[in-house]
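# Reading the structure
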Amino acid sequence: MRLFVSEGAPGSLPVLAAAGRAQGREELLISTVGPEECVVPFLTRPKVPVLQLDSGNYLFSTSAICRYFFLLSGWEQDDLTNQWLEWEATELQPALSAALYYLVVQGKKGEDVLGPVRRALTHIDHSLSRRSCPFLAGETESLADIVLWGALYPLLQDPAYLPEELGALHSWFQTLSSQEPCQRAAETVLKQQGVLAFRPYLQKQPLPSSFEGRAVSNEPEEEELATLSEEEIAMAVTAWEKGLGSLPPLRPQQNPVLPVAGERNVLITSALPYVNNVPHLGNIIGCVLSADVFARYSRLRQWNTLYLCGTDEYGTATETKAMEEGLTPQEICDKYHAIHANIYRWFNISFDIFGRTTTPQQTKITQDIFQRLLTRGFVFQDTVEQLRCEHCARFLADRFVEGVCPFCGYEEARGDQCDKCGKLINAIELKKPQCKVCRSCPVVKSSQHLFLDLPKLEKRLEEWLGKTLPGSDWTPNARFIIRSWLRDGLKPRCITRDLKWGTPVPLEGFEDKVFYVWFDATIGYVSITANYTDQWERWWKNPEQVNLYQFMAKDNVPFHGLVFPCSALGAEDNYTLVNHLIATEYLNYEDGKFSKSRGVGVFGDMAQDTGIPADIWRFYLLYIRPEGQDSAFSWTDMLLKNNSELLNNLGNFINRAGMFVSKFFGGCVPEMVLTPDDRRLLAHVTLELQHYHQLLEKVRIREALRSILTISRHGNQYIQVNEPWKRIKGSEADRQRAGTVTGLAVNIAALLSVMLQPYMPTVSATIQAQLQLPAPACSILLTNFLCTLPAGHQIGTVSPLFQKLENDQIESLRQRFGGGQAKAPPKPAVVEAMATAGPQQIQVLTDEVTKQGNIVRELKAQKADKNQVAAEVAKLLDLKKQLALAEGKPLETPKGKKKK
Amino acid sequence: MAAAAELKLLEKSLGLSKGNKYSAQGERQIPVLQTNNGPSLTGLTTIAAHLVKQANKEYLLGSTAEEKAVVQQWLEYRVTRVDGHCSKDDVRTLLKDLNSYLEDKVYLTGYNFTLADILLYYGLHRFIANSNSASICPNPAWRHRLLQVYNSGYPNTTCCPPSGLSFPYAL
């Protein structure tokens, strides 16, 4: 069976709950499709959720899918259930979809939303209390309960829409909501965003048709516009008329940026990229780009903002890389730090500081935190058995050991995990261990290490989380990861390593050891700030005044949400702790993963060579930001989004608005005489702008971008309906109308340029230059839509903003970056192993190529049998191919590859 | 009382001799079945399924889990889509979808005649009867089979063949 769902489709709720309830989940494949995708071949209109049965047939009715799950688990149909389901389909659904549409899409509130469904809610309440049964069809929870619960949940999860007086409904709803399958379904579908989760889906649905018992106007458009109250419209118009005058004075730029009492002080960090790798698009969207959007937004709100990042430079991997390139670790760090800095500069990341972790400040602060932990008894010593390679004269990190898996006997198990059986391995338990670098057999040696006593700190951590989490904007995945770590109980963590390249441990007997990177990397944020200003403590020891937002991919959550807070709490030094931990899911590349070793995917330095401007990359990456679930970069989709959303929607609107001013009014914004229609448009734009703010305040970056596109769609429609290019040739009244429409449109364009600033800073600046938008209006975004280009304002020269991406251009890029692995690699097993190929494996392969080359040469010299030679040559070619893969060289002749 | 009339016809074709009493509720005139024992039942498809069980013809509700779910899906389709407020375009889409669904099927569930065929056909009757265009009729073969089915009990229409086939094999 295969279940097709769509993000934010309300029908997913009952279906997932029923699947969970009837234990139908195991055999269930779940695919997520777009809201406009037609899954069922015989249905003209899109419909989700849909269950494709093994017979090939489709169930496209939500109730029928739920019913099917229940039937599979042995449930028998009965009249009462049928009656509830029929009622749900014919009476409840029409009322509910109207209510939800008003609430979610049109932003109505209170009785406007509750009105349509009140009768239905009362009906359920009466039925429950009359029968004095806890459930709809009897003593136990059944199909009817799940289907109705799922239908009602989007609305009733907000207590405002669960009327107090309906006591029976109240307790029925609470009982069901607290059950595990329902809870899980709700978490999956709502992602803790409440009713907003349904917005992307419902927005694409047609306005629900009228239903019995309620007078609804026939004009859908009238309907939509009528949803704004007169008061809202009046407020929007008043704000608009105040214009530039209502902008507050611009905050003076200060250097260094320091917290100011009484202001909102926002400290933003993005995860420190590891220095020895060039970041790929997934790294970029997960950390720096997401944080950049928020930092830029925060500045537009005039919040006192400091955004910092830097390279994480210590550790084994740097040492190895240095060995490989014949440089010192410091030289490697210098080289790669510059590479990183250049990439982020190209992507227009607005760091206030881009520092590094290999500084004296880092040593000072890390050692200080350590000393405080030590004196307070949160650090203890223990002996650790470790593998040491005598040949290489060093202790081996887990990933530098290979051997036979003690569980399944797999020959190439890694030191931390077996790839075959998936079990976690303690490296010293490997049979026949081998050093991956020199292939000699390491010996077990004991070594003294320091441990952070996390169990002792657990209670403090939980107290802090209890105060911090409620009401904060921690993403659901981060909350989940922290919850599961705490559920399993914290364990002591080793914080030292037998290495040279790291922060020295200030303790006798530990002179040749350093701190393990995960203990000191998160301290990097603090030391980077300390390198920026000697008043760093005003940011980092000031939890009362500072709001700390930390951005990362989800694999980094434990270090930021657990380890650093524990260290900081244990140090008892009033450290500023993360208020909002914003974690993304993963970004995939086409249909697979990014892989440096296989040369698959686009890496930061290559994006510049594509000829596609940085802002287009930013836009597309933010458009597909893995917010709530994994997403994938796709070349075709990028072309599509560029050509449809940027070129045809946004670019088209802004360009037309500007062109009309230039062509029809000599570049001078005309007089605007607002009609009731225009006032409503103002209110609509204001509403969408406020929605944008709500989303960005909650760091829903991807969704807020949709609001921008929605406004420009409104704008395009407005121009289309009012046809200023025709009216300009008409009567005096027509000409005046053309002027109003043009003036309003160009002001919407100006607003869009500011809303766009966090996402596409260069395009934003270009629009503002074209429109000659006054300076204060460029740097401040209020919650109201203002007339920032008043009548008489002279605009500049208008030109197109975006370029069309062509199919063959994208196709050649796809080829070049190895996406769309339609052609399966010849030896998948080998290639798979290459995914983790490090320099050692490359060395092994190089050796094998040399060896095989010698064999071939010898055979040829001996004038051996032709077939035998051919066979050995084939082996050689194969090895060379593997080597090329491991080194990240493309398989095809590297025609398009230019090293710039 | 259109729904009651339909249910009366269904009773007849199911061979239920003692007639039930129906009333209608609300603006949409939803049928209500008054039963002697227990609460009344409301809703066309709910009552229809109840009648089928009364007549011991449960196979008309489908025999496997899949069939049962498919039958209920099309019953729901009947009361939500076919009986809903439809514009001309909606009707056209609905018939087109149904036609393409039935392309490789004898009945709605595939090979077995069920309550879904009966109620859906009856619901579609007004569209088909009012239309001269063959293009918007659902799958002609299905229609033909169904016409035979309905001939005995359901009202004669201009579309019906004059043949007097009695209620069919499946029942």
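Procedures and definitions
Residues numbered from 1 in each chain as written. Chains lettered and ligands numbered in written order. Predicted model: local features only at pLDDT ≥ 70, side-chain atom pairs only at ≥ 80, totals over all residues. Heavy atoms only, no water. Helix = DSSP H or I, 4+ residues; strand = E, 2+ residues; numbered from the N terminus. Buried < 20%, exposed > 50% of the residue type's maximum accessible area, 1.4 Å probe, protein only. Contact = heavy atoms within 4.5 Å. Areas by Shrake-Rupley, 256 points an atom, 1.4 Å probe, with all protein chains shown as cover. Bend = angle between axes of the 7 residues up to and from the residue. Polar contact = N/O pair within 3.5 Å; in protein donor to acceptor, adjacent residues only side chain to side chain. Salt bridge = Lys/Arg side-chain N within 4 Å of Asp/Glu carboxyl O. Pairing = 2+ DSSP bridges. Buried area = accessible area lost by both parts, 1.4 Å probe. Nonpolar A, V, L, I, M, F, W, Y, C, P; charged D, E, K, R; others polar. Phe/Tyr/Trp six-rings, centres within 6.5 Å; stacked < 30°, edge-to-face > 60°. Lys NZ or Arg CZ within 6 Å of the ring centre and 35° of its normal. Right-handed = clockwise from strand over helix to strand, strands pointing away. pLDDT = per-residue confidence, 0-100. Core = buried A, V, L, I, M, F, W, Y, C linked by side-chain atoms within 4.5 Å.

Moving on: the overall build of chain A. When helices and strands are tallied, chain A shows 33 helices and 20 strands. Within the span of chain A, comprising 900 residues, buried residues form 56% of the whole. Taking as baseline every contact in chain A between residues at least 6 positions apart, the subset at least 24 positions apart corresponds to 76%. Here chain A displays about 38,400 Å² of accessible surface, and carbon together with sulfur accounts for 51% of that area.

Another point: helix α1 (residues 12-21) of chain A. Residue and element names in this part refer to chain A. Among the ten residues of α1, nine are classified as buried, and the element is accordingly described as predominantly covered. Those residues of α1 that fall on the buried side of the exposure criterion are Ser 12, Leu 13, Pro 14, Val 15, Leu 16, Ala 17, Ala 18, Ala 19 and Gly 20. Elements in contact with the buried residues of α1: β1 (2-5), β2 (29-32), α2 (62-72), α5 (143-156) and α7 (180-190).

Turning next to helix α23 (residues 635-665) of chain A. All names here are of chain A. Along its length, α23 reaches its greatest deviation from straightness, about 40°, at Gly 651. You can read the cap of α23 off the contacts: a side-chain oxygen lies 3.4 Å from the backbone nitrogen of Thr 636, and it is on Ser 634. One or two residues past the end of α23 sits Gly 666, with phi positive at roughly 60°.

Below, the discussion takes up the pattern of salt bridges. Residue and element names in this part refer to chain A. With the rule as written, the count across this model stands at 42 salt bridges over all chains. Between Lys 436 and Glu 402 there is a salt bridge, with its nearest N and O atoms 3.9 Å apart. With a gap of 34 residues between them, Lys 436 in the loop between β12 (431-435) and β13 (443-452) and Glu 402 in strand β10 (residues 401-404) connect regions that are remote in the sequence. Both residues of the pair, Lys 436 and Glu 402, count as buried. Here Lys 541 and Asp 573 are joined by a salt bridge, their closest N and O atoms 2.7 Å apart. With Lys 541 in the loop between α19 (537-540) and β17 (546-553) and Asp 573 in the loop between α20 (557-571) and β18 (580-584), the pair connects residues that are 32 residues apart, well separated along the chain.

Attention shifts here to the sheet that holds β10(A). Sheet architecture is open: three strands sit in the order β11-β10-β12 (chain A), paired in antiparallel fashion. Strands with a single pairing partner mark the edges of an open sheet, and in this sheet they are β11 (413-414) and β12 of chain A.

It is common to give the size of an interface as the accessible area that goes away when the parts come together. Contacts between the two partners involve 34 residues from chain B, matched on the other side by 28 residues from chain A. In this assembly, chain B packs against chain A so that about 2,800 Å² is buried in total across both faces, 50% of it on carbon and sulfur atoms. It is Arg28(B), Glu66(B) and Gln73(B) in chain B that bury the most area against chain A; as a group they hold 20% of the surface buried on that side. On the surface where chain B and chain A come into contact, there are one salt bridge. Among the ionic pairs, Asp79(A) bridges to Lys53(B), the shortest N-O distance being 3.3 Å. Connecting chain B to chain A are 14 residue pairs in polar contact (both at pLDDT 80 or more). Listing elements by their share of the side of chain B that touches chain A, those giving two or more residues are β3 (41-42), α2 (44-54), α3 (65-82) and α4 (88-102) of chain B. Ranked by residue count, the leading element in the side of chain B that touches chain A is α3(B), at 13 residues. In the side of chain B that touches chain A, the residues fall into eleven nonpolar, twelve polar and eleven charged.

Across all of its chains, the model carries 41 aromatic pairs over all chains by this definition. A ring pair is formed by Tyr307(A) and Phe351(A), whose centres lie 5.0 Å apart and whose planes are at 50°; its orientation type is tilted. Highlighted residues: Tyr307(A) in strand β6 (residues 304-311) and Phe351(A) in the loop between α13 (329-346) and β7 (353-356), separated in sequence by 44 residues. With a relative accessible area of 18%, Phe351(A) lands in the buried category. Members of the aromatic cluster, each reached through a chain of ring pairs, are Phe42(A), Tyr58(A), Phe60(A), Trp74(B), Tyr77(B) and Tyr101(B). When the ring centre of Tyr102(A) is taken as origin, the NZ or CZ atom of Lys108(A), which lies over that ring, is 4.3 Å away.

All right, on to the sheet that holds strand β8 (residues 379-389) of chain A then. Residue and element names in this part refer to chain A. Spatially, four strands are ordered β9-β8-β13-β14 in an open sheet, and the strand pairing comes out antiparallel. In the strand order of this sheet, the two ends are held by β9 (394-395) and β14 (493-494), each with one partner. When β13 meets β14, the two strands line up antiparallel, connected through two bridges. If you follow Leu 452 over to β14, its bridge partner there is Arg 493.

What follows concerns the pairing of β13(A). Relative to β13(A), β8(A) runs antiparallel, the two being bridged by ten bridges. For Arg388(A), the partnering residue across the bridge sits in β13(A) and is Val443(A).

All names here are of chain A. Here β17 lies mainly inside the structure; eight of its eight residues are buried. Along β17, one buried face is formed by Val 546, Leu 548, Gln 550 and Met 552 and the opposite face, lined by Asn 547, Tyr 549, Phe 551 and Ala 553, is buried too. Of the strand pairs in this sheet, strand β5 (residues 265-270) and β17 are connected by six bridges, and their pairing is parallel. In the strand pairing of β17, Asn 265 is matched with Val 546. The pairing of β17 with β18 spans five bridges and is parallel. Within the sheet, the bridge partner assigned to Gln 550 lies in β18 and is Leu 581. Crossover connection from β17 via α20 to parallel β18: handedness right-handed.

What follows deals with the environment of Leu805(A). Residues and elements named next belong to chain A. Of note, Leu 805 is situated in the loop between α29 (775-779) and α30 (807-816). Taking relative accessible area as the criterion, Leu 805 reaches 7% and is therefore assigned buried. Residues Leu 805 and Met 638, 167 residues apart in the sequence, show an inter-C-alpha distance of 8.8 Å. Those residues in contact with Leu 805 that lie beyond four places of it in its chain are Ile 612, Met 638, Leu 639, Asn 642, Asn 643 and Ile 810.

All right, on to the confidence of the model for chain A then. Averaged over all residues, the pLDDT of chain A is 86; the fraction at 70 or higher stands at 90%. A low-confidence stretch, residues 889-900 of chain A stays under pLDDT 50, and its non-local contacts, those more than four residues away or across chains, total nine contacts.

The nonpolar side chains of a soluble globular protein tend to be buried with one another. Counting 179 residues, the largest nonpolar core has Trp617(A), Phe633(A), Trp635(A), Tyr692(A) and Tyr759(A) as its most contacted members. Setting aside anything within four residues of it in sequence, one finds Phe633(A) in contact with Leu281(A), Leu587(A), Asn588(A), Tyr589(A), Glu590(A), Trp617(A), Tyr620(A), Leu621(A), Ile624(A) and Met638(A). Counting 124 residues, the second-largest nonpolar core is a separate cluster that includes Ala18(A), Ala120(A), Leu176(A) and Leu41(B).

This brings us to the side chain of Asp79(A). One can find Asp79(A) in helix α3 (residues 79-105). In contact with Asp79(A), other than residues within four places in its own chain, are Leu41(B), Thr46(B), His50(B) and Lys53(B).

All names here are of chain A. With respect to the helices, strands and loops of the structure, Asn 642 is situated in helix α23. At 2.9 Å, the side chain of Asn 642 forms a polar contact with the backbone oxygen of Gln 803. Non-local contacts of Asn 642, meaning those with residues more than four positions away in its chain, are made with Ile 616, Leu 647, Gln 803, Lys 804 and Leu 805.

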